[in-house]
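Single-letter residue listing:
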Amino acid sequence: MTDSLHHSWEIAPPEAVRLQKALEKHLALHPLSAAPKTIAGADISCEWRGRFGVGGMVVFSWPDMGLIDESFYGGDLRFPYVPGLLSFREGFLLEEAFLGLREKPDLIIFDGQGTAHPRGFGIASHLGLRLGVPSIGCAKSRLFGEAAEPPGEEKGDWRYLRSPDGLEIGAVLRTRRGVKPVYVSPGHLIDIEDSVRWVLAATSRYRLPEVIRAAHRRVGEERKKRKRA
């Protein structure tokens with residue numbers, strides 16, 4: 001797996017699909033081995049119809065949720081926009097941001113998909129496997145799979161998200177009463193149930209986990225700052 005795992009980010013879409021299928025087999029989906037002491041949010045901000053983007057990771061201590069580190073990396077996007085292959089377009093930004101952290105997180109929550117993906121290998125799975133860190137995908141919209149019925153209206157209500165062949169690939173989770181649910185799926189080194197648990201634990205007053213909200217805000221600020229410089 002080593003050669004495939006450390007692939008170049010600058011490849012053609014057909015090769016990217018082949019790599020997703022090969023690397024998905026190496027995901028480890030199981031309960032967390034220990035409760036995290038640090039949790040990071042990961043997000044990307046890109047120019048509208050532009051080539052420049054900034055990826056960032058913002059790390060918080062748990063359970064007090066104090067900011068302890070953040071790192072950002074900006075660069076030109078060279079891979080085309082292809083649904084289902086976004087990790088090849090944006091992954092290098094997040095990888096470089098992770099490498100720039102002084103405090104490496106015990107758990108990363110990505111704004112995107114994990115195993116709830118047509119090939120079971122969204123950006124949370126790709127980066128979690130590549131970085132060797134437990135990871136979760138938490139997305140505002142569904143990419144793949146269906147729930148038998150919507151979750152209840154109360155915070156914490158959830159239903160399994162299943163692939164067309166019936167496999168459990170994620171969850172539809174209500175993080176606030178009466179608010180649209182989010183789509184949660186394990187990335188790597190965690191399972192569906194623990195993914196739901198930790199997304200809920202990291203969510204307070206808003207629909208999205210606080211670590212994702214912080215990462216989203218900070219990468220937007222960094223992108224604007226770097227384009228003005």
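Structure shown above.
Since the model is a prediction, treat every value here as computed from it, not as a measurement. (Residues numbered from 1 in each chain as written. Predicted model: local features only at pLDDT ≥ 70, side-chain atom pairs only at ≥ 80, totals over all residues. Heavy atoms only, no water.)

**Observations regarding the state of the cysteines**
Argument step 1. Tallied over the full model, the rule gives zero disulfides.
Argument step 2. We note that cysteine 46 lacks a disulfide partner, and the nearest cysteine sulfur, in cysteine 138, lies 19 Å from it.
Argument step 3. For cysteine 46, a relative accessible area of 27% gives the class partly exposed.
Argument step 4. Judged by relative accessible area, which is 1%, cysteine 138 ranks as buried. (Disulfide = S-S within 2.5 Å. Buried < 20%, exposed > 50% of the residue type's maximum accessible area, 1.4 Å probe, protein only.)

**A look at the packing of helix H3 (residues 86–99) against helix H4 (residues 123–131)**
Argument step 1. Their axes nearest at 10 Å, the elements H3 and H4 cross at an angle of 40°. Accordingly, the angle class assigned to the pair H3 and H4 is oblique. Here the hand of the crossing between H3 and H4 comes out right-handed. Between H3 and H4, the contacting residues are Ser87, Phe88, Glu90, Gly91, Leu94, Glu95 and Phe98 on the first element and Ile123, His126, Leu127, Arg130 and Leu131 on the second.
Argument step 2. Split by residue class, the contact of H3 with H4 holds six nonpolar, three polar and three charged. (Axes fitted to C-alpha atoms, helices over the stretch in contact; angles between N-to-C directions. Helix = DSSP H or I, 4+ residues; strand = E, 2+ residues; numbered from the N terminus. Parallel < 35°, antiparallel > 145°, perpendicular 65-115°, else oblique. Left-handed = near helix turned anticlockwise from the far one by under 90°. Contact = heavy atoms within 4.5 Å. Nonpolar A, V, L, I, M, F, W, Y, C, P; charged D, E, K, R; others polar.)

**Focus on the pairing of strand S8 (residues 182–188)**
Argument step 1. For S8, a buried count of seven out of seven residues is recorded, marking the element as mostly surrounded by other parts of the structure.
Argument step 2. Across three bridges, strand S7 (residues 168–173) lies against S8 in antiparallel orientation. Bridging across to S8, valine 172 finds its partner in tyrosine 183. (Pairing = 2+ DSSP bridges.)

**Points about the environment of glutamine 20**
Argument step 1. Mapped onto the fold, glutamine 20 is located in helix H2 (residues 13–24).
Argument step 2. The exposure class of glutamine 20 is buried, given its relative accessible area of 0%.
Argument step 3. In this structure the C-alpha to C-alpha distance between glutamine 20 and tryptophan 198, which are 178 residues apart in sequence, comes to 26 Å.
Argument step 4. Setting aside chain neighbours within four positions, we find glutamine 20 in contact with Gly84, Leu85, Ser87, Phe88, His117, Arg119 and Phe121.
Argument step 5. A polar contact of 2.5 Å, which involves the side chain of glutamine 20, links it to the side chain of arginine 119. (Polar contact = N/O pair within 3.5 Å; in protein donor to acceptor, adjacent residues only side chain to side chain.)

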